[in-house]
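# Geometric and topological summary
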Amino acid sequence: MNNREKELIERLLRERSLSEAEYAELIENRDGEAAGRLAEHAVETRKAVFGDAVYTRGLIEISSICKNNCLYCGIRRDNRNAERYRLTKEDILSCADEGYGLGFRTYVLQGGEDAFFSDEVLGDIVSEIKRKHPDCAVTLSMGERSRESYQALYDAGADRYLLRHETAAPEHYAKLHPKEMSFENRMQCLQDLKEIGYQVGCGFMVGSPFQTADTLAKDLKFIETFRPAMCGIGPFIPHHDTPFREERAGTAELTLFLLSVIRLILPEVLLPATTALGTIDPKGREKGILAGANVVMPNLSPVRVRRKYELYDNKICTGEESAECRGCLEARMKSVGYRLVIDRGDAPGFERNDQ
Ligand code: SAM
Ligand code: FES
């Protein structure tokens, strides 16, 4: 680590901000020593806010049917080999019931952009989960919808919404998505979600095709200014039935580095150590926590559909029962000195605007 790198890290710690050019410099000149220094500060920062608690979310993958054709994604519309499924309301409620017994107090309903899940259908499922489990939070991750739709789902009881921005560089966005999708719309969605009152999560894949230190610097600047409640980052991993099948995967090393940087920019952010990170490195999720992450998202989907929600190759946790995943993560967190807690795990200080 040279003096300049040291100076940038010191300033990031003090001011929680760098210029875009400086973020790029920090990334380009990184080495193991810089990563270690950042991780140390990131862990200190997260401990000051969250102690040794790791929040957990039960992920229910409700549909693998998607109208979109994102070039990186294994369940894109044009992948004829993807096996499609859609969970019923009963399936989803029974996953939630099982999750409750296992200690989950947040459910994440994620899926492709599947028109079946209209505001009425999805809103009914959300309100039923909230009725049965009033002490739980519901997070949605169902892609781009209209502002009215986001409002209707918020009114039905949804608390949080995850919509990764994927990249904050418009030209890069255009290389990852088909023409009919737009960077402007994605940004508008994020703005709408925030204004409605959701705890909003943005995020991006690390090492996605055409990503550079400059596009990453834009991502960090966007995170600094947008101030999301949550931020999901994980390595890009190619899927064999997508146009990006020959592309290289992102690395755990850069993902961990960026997790630390994001923790220093936003000390209170909810930052998951993702399944993708656990897929490219067998100890990825533990390392994620040791780099400053504070959330894990074990799978609560019925085992019979797990393999069908294949966003990328070799995804882990596709054969395990929900209880096994919970237990596995509990042991993994314990092994690095942390504990999974039974808690909604809201963003600090956050309140719904209708209560
Ligand atoms: N349809 C919703 C949406 O677009 O936000 C939620 C589902 S989408 C599959 C969830 C996230 O998976 C995306 O935001 C993307 O970052 C991630 N993802 C998709 N393909 C991936 C890949 N090949 N490697 C790593 N992450 C991937
Ligand atoms: Fe699913 Fe470890 S979290 S097996």
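In this report, we go over the structure that sits alongside the text. Bear in mind that the values here come from a model prediction, so they are computed numbers and not experimental data. (Residues numbered from 1 in each chain as written. Chains lettered and ligands numbered in written order. Predicted model: local features only at pLDDT ≥ 70, side-chain atom pairs only at ≥ 80, totals over all residues. Heavy atoms only, no water.)

## Overview of the packing of aromatic side chains
Note the threshold: Pairs were defined over the aromatic rings of Phe, Tyr and Trp, the Trp ring being its six-membered one, requiring ring centres within 6.5 Å. Orientation was assigned from the angle between planes: stacked under 30 degrees, edge-to-face over 60, tilted for the rest. Only DSSP runs of H or I with at least four residues qualify as helices, and only runs of E with at least two residues qualify as strands; both kinds are numbered from the N terminus onward. With a 1.4 Å probe rolled over the protein chains alone, any residue whose accessible area is under 20% of its type maximum counts as buried; one over 50% counts as exposed, and the rest are partly exposed. By the criterion adopted, a ring carries a charge over it if an Arg CZ or a Lys NZ lies within 6 Å of its centre and within 35 degrees of its normal.
Scanning the model with the defined rule gives nine aromatic pairs in all. Between Tyr154 and Tyr198, the ring centres sit 5.1 Å apart and the planes meet at 65°, which makes this aromatic pair edge-to-face. Within this pair, whereas Tyr154 is found in helix α6 (residues 147-155), its partner Tyr198 is found in the loop between α8 (183-196) and β6 (199-206), the two being separated by 44 residues in sequence. The same class applies to Tyr154 as to Tyr198, namely buried. Ring centres of Tyr161 and Tyr198 lie 5.8 Å apart, and the angle between their planes is 80°; on these two criteria the pair is classed as edge-to-face. With a gap of 37 residues between them, Tyr161 in strand β5 (residues 160-162) and Tyr198 in the loop between α8 and β6 connect regions that are remote in the sequence. Both residues of the pair, Tyr161 and Tyr198, count as buried. Ring pairing ties together the aromatic residues Tyr150, Tyr154, Tyr161 and Tyr198, which thus form one cluster. Across from the ring centre of Tyr154, 4.0 Å away, lies the NZ or CZ of Arg352, which sits over that ring.

## Topic: the nonpolar core
Keep this limit in mind: Here, nonpolar core refers to any group of buried Ala, Val, Leu, Ile, Met, Phe, Trp, Tyr and Cys residues whose side-chain atoms link them within 4.5 Å. The contact definition used throughout considers only heavy atoms, calling two residues in contact when any of these lie within 4.5 Å.
The biggest cluster of nonpolar side chains holds 88 residues, and the ones touching the most others in it are Leu109 and Tyr198. The element contributing the most residues to this core is helix α10 (residues 252-265), with ten residues. Leave out the neighbours within four places in its chain, and Leu109 touches Ile60, Ile62, Ile92, Leu122, Ile125, Ile129, Thr139, Leu140, Ser141 and Met142. One finds Val108, Ala229, Met230 and Val341 within the second-largest nonpolar core, a separate group that totals twelve residues.

## Topic: unusual backbone geometry
A positive phi angle is found at Arg16, which is not glycine, with a value near 55°. Here Arg16 is to be found in the loop between α1 (3-15) and α2 (20-28). Looking at Arg16, the relative accessible area reads 28%, which means it is partly exposed.

## Side note on the pattern of salt bridges
This is how the line gets drawn: Salt bridges are defined as contacts in which a side-chain nitrogen from Lys or Arg sits within 4 Å of a carboxyl oxygen from Asp or Glu.
In the structure shown here, the tally under the stated rule is 33 salt bridges. Measuring nitrogen to oxygen at the nearest pair gives 3.2 Å for the salt bridge that ties Lys67 to Glu113. With Lys67 in the loop between β2 (58-63) and α4 (89-102) and Glu113 in the loop between β3 (106-111) and α5 (119-132), this residue pair connects regions lying 46 residues apart in the sequence. Its relative accessible area of 11% is what places Glu113 among the buried residues. Where salt bridges share partners, they join Lys130, Asp159, Arg160, Arg344, Asp346, Arg352 and Asp354 into one cluster.

## Focus: the site of ligand 1
Here is the rule we go by: In these notes, residues near a molecule or strand are those with any non-hydrogen atom within 4 Å of it. Pairing of N or O atoms within 3.5 Å defines a polar contact, subject to two protein rules: one partner must be a possible hydrogen donor and the other a possible acceptor, and residues neighboring in sequence count only if both atoms are side-chain atoms. Note on areas: Shrake-Rupley, 1.4 Å probe, and residue coverage restricted to the protein chains presented here. Residue type decides the class: Asp, Glu, Lys and Arg count as charged, Ala, Val, Leu, Ile, Met, Phe, Trp, Tyr, Cys and Pro as nonpolar, and the leftover types, Gly among them, as polar.
Around ligand 1, a shell composed of 17 residues is seen, among which Tyr72, Gly111, Arg164, Glu166 and Ile237 lie nearest. Measuring from an oxygen atom of ligand 1, one finds a side-chain N or O atom of Arg164 at 3.0 Å. Contact between ligand 1 and Leu311: a nitrogen atom at 3.4 Å from a main-chain N or O atom of the residue. Relative to its unbound accessible area of 560 Å², ligand 1 is 93% covered by the protein chains. Its residues assigned to classes, the shell around ligand 1 comprises ten nonpolar, five polar and two charged.

## Regarding the side chain of Thr279
Counting through the fold element by element, Thr279 comes out in helix α11 (residues 275-280). In this structure the side chain of Thr279 is engaged in a polar contact, spanning 3.4 Å, whose partner is the backbone nitrogen of Ile316. The contact partners of Thr279, leaving out residues within four places of it in the chain, are Ile237, Tyr312, Asp313, Asn314, Lys315 and Ile316.

## Re the environment of Glu247
Topologically, Glu247 is positioned in the loop between β7 (230-235) and α10. Note on Glu247: relative accessible area 34%, which makes it partly exposed. Each C-alpha atom of the pair Glu247 and Glu180 lies 23 Å from the other, and the pair is 67 residues apart in sequence.

## Some thoughts on a negative patch on the surface
Applied cut-off: Note on patches: the residues involved have over 30% relative accessible area and no salt bridge, like charges join within 9 Å, and the nonpolar side chains Val, Leu, Ile, Met, Phe, Trp and Tyr join within 5 Å. None of His or the chain ends enter the tally, which takes Lys and Arg as positive and Asp and Glu as negative. Lysine's charge is taken at NZ, arginine's at CZ, aspartate's at CG and glutamate's at CD.
Taken together, Glu98, Glu320, Glu321 and Glu324 make up a surface patch of like negative charges. Note that Glu320 resides in the loop between α13 (303-306) and α14 (322-335).

## Details of the sheet that holds strand β1 (residues 53-56)
Stated formally: A pair of strands is considered paired only if DSSP assigns at least 2 bridges between the two.
The three strands lie next to each other as β8-β1-β9, forming an open sheet whose pairing is parallel. Two strands close off the open sheet at either side, each with one partner strand: β8 (295-296) and β9 (339-340). Inspection of the sheet shows β1 paired to β8 by two bridges, in the parallel sense. Along β8, the bridge assignment pairs Thr56 with Val296.

## Things to note about the sheet that holds β6
Heads up, the condition is: Angular values range over 0 to 180 degrees, each being the angle between N-to-C directions of two axes fitted as lines to C-alpha atoms, with helices fitted over their stretch in contact.
Ordered in space as β2-β3-β4-β5-β6-β7, the six strands form an open sheet in which the pairing is parallel. With partners counted over all chains shown, the strands left at the sheet margins are β2 and β7, one partner each. Between one strand axis and the next, the sheet turns by 20° as a mean value, whatever way the strands run. Two elements, β3 and strand β4 (residues 137-141), share five bridges in a ladder whose sense is parallel. For Thr106, the partnering residue across the bridge sits in β4 and is Ala137. The strands that α10 touches are β6 and β7; relative to β7, the one it contacts most, it runs at about 165°.

Function cannot be read off these values alone, since they describe shape.
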